[in-house]
Amino acid sequence: MSRIKEILRTKSILIPGRQPGGGFQSLPLGLLAGETAVPFTVYLKIRPRGHPRPLYLQCCPKGEVFPRRWQARMQELKISRVYIRREESPQALPFVQQKFNEMLAAKARGNREKARWGYEAALLWLQHLFALERDHLSEELEIGFNLIENLYEIIMEEKDPGGLVLDLWRQEGLPAHGLHSCLLGLGFARYLGWQEKDVKALGFTALVHDVGLTEVPRAILEKPNPLTRIEKGLIQNHPRAGFTILWNSPVCRWQSLLTVMQHHENCDGSGYPERLKLRQIHPWARILRILDSFEAMVSTRHWRAARPPKEALWSLRRGWEKYRIYDPDYLSHFIKFLAGSRILGK
Ligand SMILES: [Fe+2]
Ligand SMILES: [Fe+2]
C-alpha cells in the first residue's frame, strides 16, 4: 500500500476542512509532544499522485493538546514533520522557544538533541523575520541575539562542532542559509580561539547577514534565467540594504554592520558593492565570505544539486588559487577546521 493511501486510511486523525491559503512552514513532530495546548493549527502535508501541489490537512485545531495516539501513528508512518500556516508563526515562536528552553534545562538530554531543537527554534525565528516588513525587522533582532546565547552554549559543549553543523543541515532557503552560516561561524570562531563576546557577535552577524535580500522580490531571487542589469543591481544592493536595516538595532555592533556591508567583497577586488581588496575588508567580512560560499555550495539550489562538503572545500581552495577571492589565512584555517570533523571522513 502506498504511503499516501496509508495516510488517507488514517482519516480518524484528520479534521476535514477547506484547503487553507497562504504559505506553510514545517515543525518537527516531536515539538508537539506533551500536555501543552498548541497555540496554532497543525496540518499534515500530503502529495496525492497526479496532484500538482501538496495538500495540507488539518490534524489538530488551535488551542488543543496534540493527542499522543496521533503522534504515535504518525511516527509509525515515518512522518517526522507537521506544518503551520506562516501567518501563525508569531504564536508558534514563543511556544517553540519555550520547548527549546525546557530541552536545554533537561539534564538527561544530549547535546545533539538540544542542538536539533535549537536549529528548529532559530530557523522558525528567521523564517518569521524574513517575512516581516522592513519597519518591523530591527525590533525583532533581540530575540535573535538571545537565540545566539543558547546556540553558543551548544557549540561550546560539542567535541566536533564542524560535524555537528553539517549533521544539522536539513532545510534549504534563505533563512536556513543564515542559520547554517551562523552555526559554522560560531564553530569556526571558537576554533580560532576568539573571546566569547566576539564569537557570539560573529554568529549573530552571520545569522542575519542576508536580511537585505528581503527587499528583493522572490521571483528575482529564484529566477532560473540570467538576470537583467536592473535585477542584478537589486541583488547587489542587498549588503547596503542589510546595513540600513540593522543600523537601528541596539544589539548590532559596528563590526557587524561593516561585515554585513562587506560580505560580498572579494579579496582580489572583484566583489561588490565597493570592490574593496584584501586589507580594506573587515576581517569578519573576509570570514563571512568563506562561510557564505561554503554554505551555498553544500546546499541545494533550484538550478543545481548540493555538493559534498569535501568537494566544496576543494572548490574554495581552487577559487583561491585561481581568483584570490578569499583571505588565504582564514581559508586555510577554515579547511583545517572542517577537515578535522568526523563527518568529512564518511
Ligand atoms: Fe549576501
Ligand atoms: Fe549569504
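Residues numbered from 1 in each chain as written. Chains lettered and ligands numbered in written order. Predicted model: local features only at pLDDT ≥ 70, side-chain atom pairs only at ≥ 80, totals over all residues. Heavy atoms only, no water.

Caption draft 1: Region of interest: the nonpolar core. With 91 residues, the main nonpolar core has Phe66, Phe294 and Phe334 as its most contacted residues. Examining the composition of this core, we find that 11 residues originate from one element, helix α4 (residues 111-130), more than from any other. Looking at which domains feed residues into this core, each of domain 1 (1-88) and domain 2 (110-345) gives three or more. Setting aside residues no more than four positions away along its own chain, Phe334 makes contact with Leu184, Phe188, Ile290, Leu291, Phe294, Leu313 and Leu316. If you look at the next biggest cluster of nonpolar residues, it comprises 5 residues, including Leu213, Val216, Ile220 and Ile235. (Core = buried A, V, L, I, M, F, W, Y, C linked by side-chain atoms within 4.5 Å. Buried < 20%, exposed > 50% of the residue type's maximum accessible area, 1.4 Å probe, protein only. Helix = DSSP H or I, 4+ residues; strand = E, 2+ residues; numbered from the N terminus. Domains from an automatic or database assignment. Contact = heavy atoms within 4.5 Å.)

Caption draft 2: Focus on the pattern of salt bridges. Taken as a whole and assessed by the stated rule, the structure comprises 17 salt bridges. In this structure, Asp198 engages Arg253 in a salt bridge whose closest nitrogen and oxygen atoms are separated by 3.0 Å. In this pair, Asp198 is assigned in helix α9 (residues 196-208) and Arg253 in the loop between α12 (238-247) and α13 (254-262), connecting sequence segments 55 residues apart. Residue Arg253 is classed as partly exposed on the basis of its relative accessible area, which comes to 25%. Notably, a salt bridge pairs Glu222 with Arg218, separated by 3.1 Å at the nearest N-O pair. The structure contains a network of salt bridges with shared partners spanning Arg112, Glu158 and Asp167. (Salt bridge = Lys/Arg side-chain N within 4 Å of Asp/Glu carboxyl O.)

Caption draft 3: Local environment of the pairing of strand β2 (residues 42-46). When you tally the buried positions in β2, you get 4 out of 5 residues, the bulk of the element. Two elements, β2 and strand β3 (residues 55-60), share 5 bridges in a ladder whose sense is antiparallel. When the bridges of β3 are listed, Leu44 appears paired with Leu57. (Pairing = 2+ DSSP bridges.)

Caption draft 4: Layout of the coordination of the iron ion (ligand 1). Every protein donor of the iron ion (ligand 1) is listed here as Asp210 (OD), His238 (NE2), His263 (NE2) and His264 (NE2), and their distances to the metal cover 2.1 to 2.2 Å. Taken together, the 4 donor atoms coordinating the iron ion (ligand 1) and their angles of 86 to 178° define a geometry best described as irregular. Written as a sequence motif, the donor arrangement for the iron ion (ligand 1) is D-x27-H-x24-H-H. (Donors = N, O, S within 2.8 Å, 3.2 Å for Na, K, Ca; no water. Tetrahedral: all angles 85-135°; square planar, octahedral: opposite > 155°, others 65-115°.)

Caption draft 5: Focus on the coordination of the iron ion (ligand 2). Donor atoms from the polypeptide that coordinate the iron ion (ligand 2) comprise His177 (NE2), His209 (NE2), Asp210 (OD) and Asp292 (OD), at 1.9 to 2.3 Å from the metal. One can describe the donor arrangement at the iron ion (ligand 2) as irregular, given that its 4 donor atoms subtend angles of 87 to 177° at the metal. In primary sequence terms, the donor set of the iron ion (ligand 2) follows H-x31-H-D-x81-D. The distance between the iron ion (ligand 2) and the iron ion (ligand 1) comes to 3.5 Å, and Asp210 binds to both of them. His209 sits in the buried class, given a relative accessible area of 0%.

Caption draft 6: Representation of the layout of surface pockets in the model. The computed volume of the largest pocket comes to approximately 1,800 Å³. Residue lining of the largest pocket: 49 residues in total, with Gly173, Leu174, Leu213, Leu221 and Arg301 positioned closest to the centre. Secondary structure elements with two or more residues in the lining of the largest pocket: β1 (24-28), α4, α8 (174-191), α10 (218-221), α11 (229-236) and α14 (283-298). It is α14 that contributes the most residues to the lining of the largest pocket, 5 residues altogether. Along the lines of polarity and charge, the residues of the lining of the largest pocket split into 20 nonpolar, 17 polar and 12 charged. Counting residues domain by domain, the lining of the largest pocket receives three or more from each of domain 1 (1-88) and domain 2 (110-345). (1 Å grid on protein atoms, 1.4 Å probe; cavity = no way out; pocket = protein on both sides within 12 Å on 5 of 7 lines; lining within 4 Å. Points joined across faces, edges and corners; volume = space filled by probe spheres on them. Nonpolar A, V, L, I, M, F, W, Y, C, P; charged D, E, K, R; others polar.)

Caption draft 7: The arrangement of the domain arrangement of the protein chain in detail. By domain assignment, the protein chain separates into domain 1 (1-88) and domain 2 (110-345). Taking the mean C-alpha position of each, domain 1 and domain 2 sit 32 Å from one another. Counting from both sides, the interface comprises 9 residues of domain 1 and, opposite them, 6 residues of domain 2. With both sides pooled, the region where domain 1 packs onto domain 2 buries about 620 Å², and carbon together with sulfur makes up 55% of that total. The three residues of domain 1 that bury the most area against domain 2 are Gln25, Leu31 and Arg81, which together make up 53% of that side's buried surface. There are 1 salt bridge connecting domain 1 and domain 2. (Buried area = accessible area lost by both parts, 1.4 Å probe.)

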